[in-house]
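Listed below are the residues making up each chain.
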Amino acid sequence: MHPDFVYLDNAATSWPKPDAVAVAMSEFLSTRAGNPGRGGHALARAAAETVEIAREKLAALINAPTPKRVVLTHGCTDAINQAIQGVIHSASKCAGGKKPHIVTTAIEHNAVLRTLHSFKCDGLLEMTIVPCDSEGTMSPDRIADACTPCTELVAVSHASNVLGTIQPIHEIMLAVRAKCPEVLFMVDAAQTAGHFSVDVQRDDIDLLTLAGHKGLRGPTGTGALYVGPRAYPDCCTNTRMCCERRGGTGAIAPGLEMPTTLPDALEAGTANAVGFAGLVAAMGTLCESQHRTEMMHTKRLLDGLLGIPNVTVYGKETTEGRTPVVLFNIKGMCARDAGKILDEQHHIAVRGGVHCAPELHNAIGTKSDGGVRVSPGCTTTEDQIDCFLEAVRSMASTPAMS
Ligand code: PMP
C-alpha cells in the first residue's frame with residue numbers, strides 16, 4: 001500500500017479495523033475454534049460461547065427483547081434475503097393464490113431491490129417502489145398511502161448508502177401502522193448500526209437487518225437479522241416467516257424437520273464464529289467520540305466540496321440527519337473515472353458508480369454515470385480530508401475528460 005494511502009470508503013466497509021479485532025480473531029483461531037453448537041467438547045463450547053456473546057451484544061445494541069430473536073448471518077445481504085424470502089414464501093403459502101404486496105422505497109440497496117424484483121418476475125409478489133425527494137428523504141404519508149389490504153411487508157432503509165440521508169423511521173412506522181396495523185415493518189440498518197441509535201422496540205420494527213463490517217467496525221462476513229414477535233410469535237406457530245436455509249443447527253439433531261424455536265429455526269449451518277469473535281472485540285471499542293469525529297470530517301468535506309467550482313454535491317447540504325457519506329460529481333468527468341484518478345494518482349480510496357442503488361441515482365438525475373461517494377471514518381484525519389479536497393480541486397480545474 002502507498003505510504004500516503006487515504007481510505008474514504010467506510011460506507012462500503014470500515015477500515016482500518018480496531019487492533020483488537022485481529023487480536024481477538026487470532027486468539028479465537030488458536031484457542032476456541034471448535035464448531036459452535038456442535039459437540040459437547042470444550043472447544044465446541046468455547047466457540048459457542050463466543051457466538052452467544054456476539055448475539056447478546058447485538059441484541060443489546062438494537063434493544064431486542066431477547067438475544068434469541070437475533071439471528072446471526074453472513075452479512076446484511078444474507079439477512080435481507082432471509083427476511084424477504086422468508087416472508088414471501090410464508091405469505092404465498094397462506095394467501096390462497098393471492099400475491100402478497102410489498103412496499104419499498106427508491107433509496108433501497110440492491111440487496112432489497114433485486115431480491116424483490118426476482119420474486120416479482122417469478123409472479124410471486126406485487127410491489128410498489130415509493131419515490132424519494134431530491135435529498136433522498138422518504139415521506140411517511142407516501143409510504144402509508146402505497147399500502148393496500150394485501151400489503152404484507154414494508155421495507156425501508158434506515159439511511160441511504162448513497163446520500164447518507166437518515167429516514168424518519170419512527171414516523172414511517174406510525175403512518176404505516178395507522179393504516180395497516182399488522183403489516184410487517186422491515187428496516188435495513190446496514191448504514192446506521194454503530195453510527196446511530198437503532199431500537200426495535202421504540203420503533204416497533206418487526207425485521208431489522210444489519211452488517212457487522214460497516215459502522216460496527218467488525219470483519220466482513222458478519223451480520224444479523226432481528227425477528228420480532230409479529231413475524232415469529234413466541235409460540236412458534238402461525239409464523240409469518242419461513243426458514244430459507246435448511247440444515248444442521250446442532251439442536252434436536254435426530255429429526256428431519258428444522259427446529260421451530262429461534263434462533264435455530266433460521267440459522268442452519270456453521271456460523272462464522274471467528275468473524276463474530278472479531279465483531280465482539282470491535283463492538284467493545286465503539287464510543288460516542290468516534291461518531292463526533294466522523295461527523296466533523298463530513299462537515300469539512302461538505303463545506304470543502306460545496307466551495308469548489310465545477311463540483312456538484314447531491315443531497316442535503318448540512319450534516320443534520322445524515323450518516324458520514326457525501327456524494328458528488330466533477331463537471332464533465334464520469335464518476336468512475338474520477339474514482340480511478342483519485343485511486344491511481346492520489347492514492348485515495350472512494351467509490352464511483354451507482355453504489356448498488358439504481359433507483360436513488362434515477363431520482364437524483366445521476367442514473368447514467370452515478371456519482372463519487374466519499375465516506376470518512378473515525379480514524380480519518382483532518383489532513384487526509386484536506387488532501388482529498390486538494391485532489392478534487394486539481395481535478396475540477398483541469399479540462400473535462402469525457
Ligand atoms: N443495505 C445497504 C443500505 C448497504 O449499504 C449494504 C452494503 N453496501 C447492504 C445492504 C449489503 O450489506 P452486506 O455488504 O453486508 O451484504
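(A) Layout of the domain arrangement of the protein chain. On domain assignment, one finds that the protein chain holds domain 1 (6-17 + 286-396) and domain 2 (19-283). On a C-alpha basis, the centroid separation for the pair domain 1 and domain 2 is 28 Å. Between domain 1 and domain 2, the contact holds 32 residues from the first and 36 residues from the second. The junction of domain 1 with domain 2 conceals about 2,700 Å² of combined surface from both sides, 57% of it contributed by carbon and sulfur atoms. Applying the counting criterion to the domain 1 and domain 2 interface returns 0 salt bridges. Class assignment for the residues of the side of domain 1 that touches domain 2 results in 16 nonpolar, 10 polar and 6 charged.

(B) Structural context of the pattern of salt bridges. If you walk through the whole model with that rule in mind, you get 19 salt bridges. Arg-177 is paired through a salt bridge with Asp-204; the nearest N and O atoms lie 2.8 Å apart. Of this pair, Arg-177 sits in helix α6 (residues 169-179) while Asp-204 is found in the loop between β6 (184-188) and β7 (207-211), placing the two residues 27 residues apart along the sequence. Among the charged side chains, a salt-bridge network with shared partners connects Arg-177, Glu-182, Asp-204, Asp-206 and Arg-230.

(C) Main features of the sheet that holds strand β3 (residues 101-105). Sheet architecture is open: 7 strands sit in the order β2-β8-β7-β6-β5-β3-β4, paired in mixed fashion. In the strand order of this sheet, the two ends are held by β2 (70-73) and β4 (126-130), each with one partner. Put simply, the sheet's adjacent strands are angled 15° from each other on average, direction ignored. The sheet strands contacting helix α2 (residues 42-62) are β2, β7 and β8 (223-227), and the helix crosses β2 at an angle near 120°.

(D) Quick look at the packing of helix α8 (residues 288-306) against helix α11 (residues 382-397). At their nearest, the axes of α8 and α11 sit 10 Å apart, and the two run at 20° to each other. Judged by the inter-axis angle, α8 sits roughly parallel to α11. α11 is crossed by α8, and the crossing has right-handed handedness. Contact with α8, carried on its side by Met-296, His-297, Arg-300, Leu-301, Gly-304 and Leu-305, involves Glu-382, Ile-385, Asp-386, Phe-388, Leu-389 and Val-392 of α11 and no other residues of that element. When grouped by side-chain class, the residues that make up the contact of α8 with α11 number 7 nonpolar, 2 polar and 3 charged.

(E) Spatial organisation of the packing of aromatic side chains. Overall, the coordinates contain 4 aromatic pairs when judged by the stated rule. Seen in terms of ring centroids, Tyr-7 and Trp-15 are 5.7 Å apart; in terms of plane orientation they differ by 70°. Their pairing is edge-to-face. Between Phe-328 and Phe-388, the ring centres sit 5.9 Å apart and the planes meet at 75°, which makes this aromatic pair edge-to-face. Of the two residues, Phe-328 sits in strand β10 (residues 326-330) while Phe-388 sits in helix α11, which places them 60 residues apart along the sequence. Of the two residues examined, Phe-328 and Phe-388, each falls in the buried class.

Scoring rules and cut-offs
- Along each chain, residue indices are assigned from 1 in the same order as the chain's sequence is written.
- Local features in this predicted model are restricted to residues whose pLDDT is 70 or higher, and side-chain atom pairs enter the listing and the counts only when it is 80 or higher, whereas totals over whole chains, interfaces and linings include all residues.
- Excluding hydrogens and water, the side-chain figures rest on all heavy atoms present in the structure.
- How far each domain reaches was decided by an automatic or database domain assignment.
- Any pair of residues with heavy atoms lying within 4.5 Å of one another is described as a contacting pair.
- The term buried area means the drop in 1.4 Å probe accessible area that two parts suffer when joined, counted for both and summed.
- One speaks of a salt bridge when a side-chain nitrogen belonging to Lys or Arg is within 4 Å of a carboxyl oxygen belonging to Asp or Glu.
- In this classification, Asp, Glu, Lys and Arg are treated as charged, Ala, Val, Leu, Ile, Met, Phe, Trp, Tyr, Cys and Pro as nonpolar, and every other residue, Gly included, as polar.
- Only DSSP runs of H or I reaching four residues or more are called helices, and only runs of E reaching two or more are called strands; each is numbered from the N terminus.
- By definition, two strands form a pair when at least two bridges between them are found by DSSP.
- Axis angles are defined between N-to-C directions and span 0 to 180 degrees, where every axis is a line fitted to C-alpha atoms and, for a helix, only to the segment in contact.
- What sets the label is the angle itself: under 35 degrees gives roughly parallel, over 145 gives roughly antiparallel, 65 to 115 gives roughly perpendicular, and the rest give oblique.
- The sense of a crossing depends on the near helix, which, turned anticlockwise from the far helix by less than a right angle, makes the crossing left-handed and, turned clockwise, makes it right-handed.
- Ring pairs are drawn from Phe, Tyr and Trp, using the six-membered ring of Trp, whenever the two centres fall within 6.5 Å, and their geometry is named by plane angle: stacked under 30 degrees, edge-to-face over 60, tilted for the rest.
- The cut-offs for exposure are 20% and 50% of the maximum accessible area for each residue type, with area from a 1.4 Å probe on protein chains only; residues under the lower value are buried, those over the upper are exposed, and the others partly exposed.

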